[in-house]
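Coordinate analysis (summary)
Chain residues, written in single-letter form:
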Amino acid sequence: MSRQIELLAEETLDPKEWEAMRALGHRMLDDAMDYLESLRDRPVWQHAPPQVKAHFEGPPPPGPEPAGEVYQEYLRYIHPHQIGNDHPRFWGWVAGTGTVMGMFAELLAASTNAISGSFSYLSNNYVELQVLDWCKDLLGYPPTASGLITSGCSASNLIGLSVARDAMAGFDVRGRGMQNTPQQMTLYCSDEAHSSIQKAIEMLGFGKDALRRIPVNESLQIDLEALKAAIENDRAKGLLPICIVGCAGTTNTAAIDDLNALADICAEERCWFHIDGACGAWTAIAPRYRHLVAGMERADSLAFDLHKWMYLQYPIGCVLVRNAKAHRRAFSLTTTYLAHGEGDRGLTGVDVPWISDLGFELSRGFHALKAWMTIKEHGTAKYGRLIQQNIDQAHYLARLIEAAPELELALPVSLNIVNFRYTRPDLDDATLDDLNKQIETELQERGIAVASTVTIWDRHYLHVGIANHRSRREDFDLLVREVIRIGNELA
Ligand SMILES: *Cc1c(COP(=O)(O)O)cnc(C)c1O
């Protein structure tokens, strides 16, 4: 009995009325440009009231809604209540702002919806490879190094540490697995290293106890003597030290470890040298400050991102690996449905790995385009000046704080992060901790600025991390005035 096929009119997700959809798209772009142009006059942060949360409850829509109404909903319930990191006075944690060209590039990348990962001979992959070459060039890394554009520095740390594990374990980790480790491996980082290091180590099966968190000195850099002692101690116990993770800028204070000293210790101890440069790697392009990250180019793997300090739209990160073979060995896996031989010999006879041979993801978006277009639009010299400008602004803010009797710096500024607190001689530390937490909240709730708070030496400080190409000195003048005013009001 033949089955009846109902010949319904076929459907698509493309618009029925292209002209109307085009007009809506133009309107969205105009609104986005108006918004960005007037950003400075808007509150940094607007908390989402309960009715906004309530708006996002309910079942999936079974039927269609007009596209224009969906956009209206976006404008009303979504657009005003985001985190605000595009604003000139957003300095919470360490966050980037985005660029106008980056926004356009995201639109273009979405328009072709190119998958970046497979196949070698495609323009989108050439763009990614060129952005990687630019990163190597700008950060002083050898051109023969390998690399990958990632979704951020957490992914970059995971990939870098994964290559380190496979290269240093001394047995076939990919084949035999961590349960067959002949010798227990240990890794080292400072107490101030980012949580993504620990997460990567947990995911890679080392267990967090294998990560030795080394105490820091008074500048919150890894204590080199304590590090050497820990390595020696582990060796004496029959363990296998395989990797030291250096911080090129910590999230709390932008402390930069002594990277040359760490590279020397790695050479002596036959350890892999991984650097987390999420906060500070781009210091390398600021003419007056690049000496601060000297030694970074000696890392075996270097993780950083372009969505904090290169100001690009989230997400985009990068990892560079000095030994290209080790990088590929850690991730290459060619199945029949992804067959590309030993590389792609189809066109030139040259062994060209797929980008998916260099990381854990197969299908990836075309993140490199926004980097390529924005860096071309502005040039690297201007980028160097902007990085320098942010560091100068941190020093400017520190001077304002030092000049104000109501304010106190946590420690001298080392890079682009300033930690300080409102203080009064008649208040104890516990009261000041609460007060500064409240000041943080008031700054946010009143839409003035966004700073976060950190705990340094058991005290709460306001944390201003400047990875913002829109900030001006006047914004820091305002911040200082407002912190004092709110502090006086609340104290
Ligand atoms: C932000 C940050 C990370 C994580 O990077 P993401 O891009 O947010 O995944 C890692 N290390 C440091 C020092 C950071 O500041």
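Heads up: these notes are all about the structure in this document. (Residues numbered from 1 in each chain as written. Predicted model: local features only at pLDDT ≥ 70, side-chain atom pairs only at ≥ 80, totals over all residues. Heavy atoms only, no water.)

Now for the nonpolar core. Of all hydrophobic cores here, the largest spans 63 residues; its most connected members are Leu227, Ile244, Trp282, Met296, Phe304 and Leu306. Ranked by residues supplied to this core, first place goes to helix α5 (residues 123–139) with 6 residues. Not counting the four nearest positions on each side in its chain, Met296 is found in contact with Leu139, Tyr141, Ala248, Leu259, Ile275, Ala281, Ala284 and Leu302. Core analysis: the second largest hydrophobic core is formed by 34 residues, Leu161, Met185, Ala200 and Ala330 among them. (Core = buried A, V, L, I, M, F, W, Y, C linked by side-chain atoms within 4.5 Å. Buried < 20%, exposed > 50% of the residue type's maximum accessible area, 1.4 Å probe, protein only. Helix = DSSP H or I, 4+ residues; strand = E, 2+ residues; numbered from the N terminus. Contact = heavy atoms within 4.5 Å.)

This brings us to the sheet that holds strand β3 (residues 211–214). The strands making up a sheet are joined through hydrogen bonds of the backbone, oriented either antiparallel or parallel. Strands sit in the order β1-β7-β6-β5-β4-β2-β3 across an open sheet of 7 strands; the sheet is mixed. In this open sheet, the two edge strands, each paired with only one partner strand, are β1 (146–150) and β3. On average, each strand axis in the sheet is tilted by 20° relative to the strand beside it, whichever way the strands run. Across the sheet, helix α8 (residues 195–203) touches β2 (185–190), β3, β4 (240–247) and β5 (272–276), and the angle it forms with β3 is around 160°. On top of the sheet, helix α11 (residues 324–331) reaches β1 and β7 (317–321); it is set at about 50° to β1, its chief contact. (Pairing = 2+ DSSP bridges. Axes fitted to C-alpha atoms, helices over the stretch in contact; angles between N-to-C directions.)

In the vicinity of the ligand lie 14 residues, with Cys153, Ser154, Asp276, His307 and Lys308 positioned nearest. The side chain of Ser154 places a nitrogen or oxygen atom 2.6 Å from an oxygen atom of the ligand. Contacts to the ligand include His307, whose side-chain N or O atom sits 2.8 Å from an oxygen atom. In the complex, the protein chains occlude 85% of the 380 Å² of accessible area that the ligand would expose alone. The element that contributes the greatest number of residues to the shell around the ligand is helix α6 (residues 153–168), accounting for 3 residues. Grouping the amino acids of the shell around the ligand by side-chain chemistry returns 3 nonpolar, 8 polar and 3 charged. (Near = heavy atom within 4 Å. Polar contact = N/O pair within 3.5 Å; in protein donor to acceptor, adjacent residues only side chain to side chain. Areas by Shrake-Rupley, 256 points an atom, 1.4 Å probe, with all protein chains shown as cover. Nonpolar A, V, L, I, M, F, W, Y, C, P; charged D, E, K, R; others polar.)

Quick look at the side chain of Ser116 now. Looking at the element boundaries, Ser116 is found in the loop between α4 (100–112) and α5. For Ser116, a relative accessible area of 1% puts it in the buried group. A distance of 3.0 Å separates the side chain of Ser116 from the side chain of Asn124, its partner in a polar contact. If sequence neighbours within four positions are ignored, Ser116 has contacts with Asn124, Asn125, Glu128, Leu362, Arg364, Gly365 and Phe366.

The subject of this paragraph is the packing of aromatic side chains. Under the definition given, this model contains 5 aromatic pairs. Judged by centre distance (6.2 Å) and plane angle (35°), the ring pair of Phe90 and Trp93 falls under tilted. With centroids separated by 4.6 Å and ring planes inclined at 20°, the aromatic side chains of Trp91 and Phe476 adopt a geometry described as stacked. In this pair, Trp91 is assigned in the loop between α3 (67–78) and α4 and Phe476 in helix α15 (residues 473–490), connecting sequence segments 385 residues apart. The same class applies to Trp91 as to Phe476, namely buried. Seen from the ring of Tyr141, Arg322 lies directly overhead, with NZ or CZ sitting 5.1 Å from the centre. (Phe/Tyr/Trp six-rings, centres within 6.5 Å; stacked < 30°, edge-to-face > 60°. Lys NZ or Arg CZ within 6 Å of the ring centre and 35° of its normal.)

In this section: the environment of Leu187. Relative to the assigned elements, Leu187 resides in strand β2. Considered as a pair, Leu187 and Leu29 are 158 residues apart in the sequence and their alpha carbons are 48 Å apart. Setting aside chain neighbours within four positions, we find Leu187 in contact with Leu161, Ile201, Phe206, Ala210, Leu211, Arg212, Ile242 and Cys243.

Here the focus is unusual backbone geometry. The residue after Tyr314, namely Pro315, is reached through a cis peptide bond having omega -5°. With respect to the helices and strands, Pro315 occurs in the loop between β6 (301–305) and β7. One non-glycine residue with positive phi stands out, namely Ala254, at about 60°. Tracing the sequence through the fold places Ala254 in the loop between β4 and α10 (259–269). The backbone of Trp457 shows a phi angle near 50°, a positive value even though the residue is not glycine. Mapped onto the elements of the fold, Trp457 is located in the loop between β10 (452–456) and β11 (459–465). Classification of Trp457 as partly exposed rests on a relative accessible area of 48%.

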